Amino acid sequence: MFKPTVGPIIGHTTTNHARIFLRGELQNNASVFAGIRYRRPGEERWSHGVFAKLTTVRDMSDVIALNNLVADTEYEYQAGWFSPMSPVHTVETVQELPLQWPRGIYRFRTQSSKPTIPRAYIVGSCRYLRMTAGVPSAPHLGDRIFASITNLAQQADPPISAMLMTGDQIYVDDLNVIAPDREFKEILSKYRSAFSQPNIAKLMSSVPVYMILDDHEIEDNWPANESKADAYLYKNAIAAYELYQASHSPAHKLLSNGQIDRKLEQYWYQLAEGDIEWFVTDSRTRRNLSANDRRILDEEQEQALCKWLIHSPARVKFVVTSVMFYPDRKAHGDDAWKAFPEQRLRLLETIRTHRIKNVIFVSGDVHGSLTSRLTHSEDPDFEVHTIVSSPLCNSKLLPYAKASTFILDQPLARTTAGDYQHELTSQVVSQDNFAHLIADAEQVRVSYHDRDGQLLQSVGIPLC
């Protein structure tokens with residue numbers, strides 16, 4: 001067996017289930033299989049191999065589901081791919097082959113079943129990796145920060161439950177002016193390069209990773225900049241996104257037989273861990289830009305989000321939106337929630353009138369990191385917070401956000417019932433960084449670290 005050409009990537013992980021993405025290589029039209037075996041550290045015997053047949057339709061990649069795991073338990077696993085001599089093998093018959101597994105051993109941990117213990121997460125977005133003629137340019141610059149995240153994760157207490165990557169994991173449009181990538185194979189090449197750099201590969205093989213797309217997975221400011229010629233680009237970009245980002249997420253349901261449902265009805269999804277829940281929105285592909293019904297989230301998604309906000313018993317509710325919920329930018333804000341004020345106000349009024357506590361919006365996009373607080377002039381019980389973490393690696397062509405980037409001297413929204421007023425609760429980080437979140441009984445502690453892992457600032461968001 002050979003090492004995966006991309007991966008393994010730990011995806012959606014629960015108390016008893018884990019999804020692992022990996023990619024092999026085409027072998028002269030011969031059958032190719034990928035496999036994983038696992039055990040608890042200290043055990044001598046490995047599990048039976050779990051296999052998947054790889055096809056060119058999925059770029060020789062697949063996601064393997066491990067089921068019936070034990071909660072709050074570390075597992076070690078091996079992963080690889082191979083092409084058997086006989087062309088008639090199936091995923092059942094290859095289990096009987098005497099395989100030589102790759103020597104590399106990876107580790108991951110299942111969720112704890114304890115409902116109220118402290119939980120920790122990493123949040124980041126906007127990882128720029130320039131490609132020139134299909135080859136990454138100075139890839140170590142875009143990969144460096146992931147070594148720092150891994151170092152933190154190896155020492156973290158409480159352990160890191162997951163990393164949330166909230167958009168722009170790749171830049172399909174990095175050379176838009178000169179030679180934009182539109183072909184499926186070109187976009188796939190970007191994903192392979194981005195996810196196989198050594199530091200990010202090491203991190204994603206051990207920490208569950210949850211992703212959602214933003215515009216650069218397709219095109220800058222999509223769909224506002226969409227032209228009639230972009231239908232071909234969109235089809236290819238979305239197909240690649242589904243293979244490399246959505247495939248290992250909870251957007252794919254788990255069937256009763258323990259297999260992952262190949263059907264994908266939407267990109268937004270929910271995940272829960274104890275008394276903390278996340279609603280990861282798709283604030284990019286379901287937009288309606290018509291004047292009479294402007295939406296950043298489609299109607300079905302808005303209704304699902306409001307239903308979750310109202311009825312979920314979670315103590316802390318994180319809402320991921322790849323673009324900023326608030327504060328608004330002075331310039332270029334029309335790509336974010338600023339341009340959809342009616343829908344934003346509906347969400348805020350839902351939170352306020354139903355007296356929902358501990359709602360925190362999490363986003364990236366703006367190439368600056370911050371925390372901020374939203375209150376209501378006539379309702380002292382209303383409070384919402386936002387955590388912004390961006391970028392993991394900036395392009396030299398793009399500026400970092402500063403405090404002066406944002407509109408902070410006027411209410412976010414004015415209504416007959418009162419004004420929604422906001423303020424920064426942190427400094428604005430204007431350099432490459434990531435956020436380390438710890439949610440305990442009293443607060444969500446947000447710590448921003450630079451690309452070398454050094455602490456930049458730490459802010460506490462009190463919980464009710």
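It should be emphasised that the depicted structure is a prediction, and the values quoted were computed from it without experimental measurement. (Residues numbered from 1 in each chain as written. Predicted model: local features only at pLDDT ≥ 70, side-chain atom pairs only at ≥ 80, totals over all residues. Heavy atoms only, no water.)

**What about the sheet that holds strand β21 (residues 433-439)?**
Part 1: Spatial strand order, β12-β11-β8-β21-β22-β23: six strands in an open sheet with mixed pairing. Since the sheet does not close on itself, it has two edges, and those belong to β12 (209-211) and β23 (455-462), each with one partner. On average, adjacent strands in this sheet sit at an angle of 20 degrees to one another, irrespective of strand direction.
Part 2: Summarising the sheet, strand β11 (residues 160-165) and β12 pair through three bridges and their orientation is parallel. (Pairing = 2+ DSSP bridges. Helix = DSSP H or I, 4+ residues; strand = E, 2+ residues; numbered from the N terminus. Axes fitted to C-alpha atoms, helices over the stretch in contact; angles between N-to-C directions.)

**Digging into the domain arrangement of the protein chain**
Part 1: As far as domains go, the protein chain holds domain 1 (6-110) and domain 2 (119-462).
Part 2: When each unit is reduced to the centre of its C-alpha atoms, the spacing between domain 1 and domain 2 is 29 Å.
Part 3: Taken together, the contacts link 22 residues of domain 1 with 23 residues of domain 2.
Part 4: Contact between domain 1 and domain 2 buries roughly 2100 Å² in total, counting both sides, with carbon and sulfur atoms accounting for 58%.
Part 5: If you look at where domain 1 meets domain 2, you find two salt bridges.
Part 6: Secondary-structure elements contributing two or more residues to the side of domain 1 that touches domain 2 are β1 (6-13), β2 (18-23), β5 (61-66) and β7 (106-109). (Domains from an automatic or database assignment. Contact = heavy atoms within 4.5 Å. Buried area = accessible area lost by both parts, 1.4 Å probe. Salt bridge = Lys/Arg side-chain N within 4 Å of Asp/Glu carboxyl O.)

**Re helix α6 (residues 341-353)**
In an α-helix, one full turn covers 3.6 residues, which means residues spaced three or four apart are oriented alike.
Part 1: With 13 residues, α6 should reach 18 Å at 1.5 Å per residue; the first-to-last C-alpha distance of 18 Å fits that figure.
Part 2: Regarding α6, the residues found buried are Gln343, Arg344, Leu347, Leu348, Thr350, Ile351 and Arg352.
Part 3: One or two positions beyond α6, positive phi appears at arginine 355, with a value near 50 degrees. (Expected span 1.5 Å × (residues − 1). Buried < 20%, exposed > 50% of the residue type's maximum accessible area, 1.4 Å probe, protein only.)

**Examining the packing of aromatic side chains**
What describes a pair of aromatic rings is the distance from one ring centre to the other and the angle between the planes of the rings.
Part 1: Applying the stated criterion across every chain yields a total of 25 aromatic pairs.
Part 2: For the pair tryptophan 222 and tyrosine 234, a centre-to-centre distance of 5.2 Å together with 5 degrees between the ring planes defines the contact as stacked. Residue tryptophan 222 is located in the loop between β12 and α4 (231-244), and its partner tyrosine 234 is located in helix α4; the two are separated by twelve residues in the primary sequence.
Part 3: The exposure class of tyrosine 234 is partly exposed, given its relative accessible area of 25%.
Part 4: Each member of the aromatic cluster is reached from another via a ring pair, and the members are Tyr38, Tyr75, Tyr77, Tyr106 and Phe108. (Phe/Tyr/Trp six-rings, centres within 6.5 Å; stacked < 30°, edge-to-face > 60°.)

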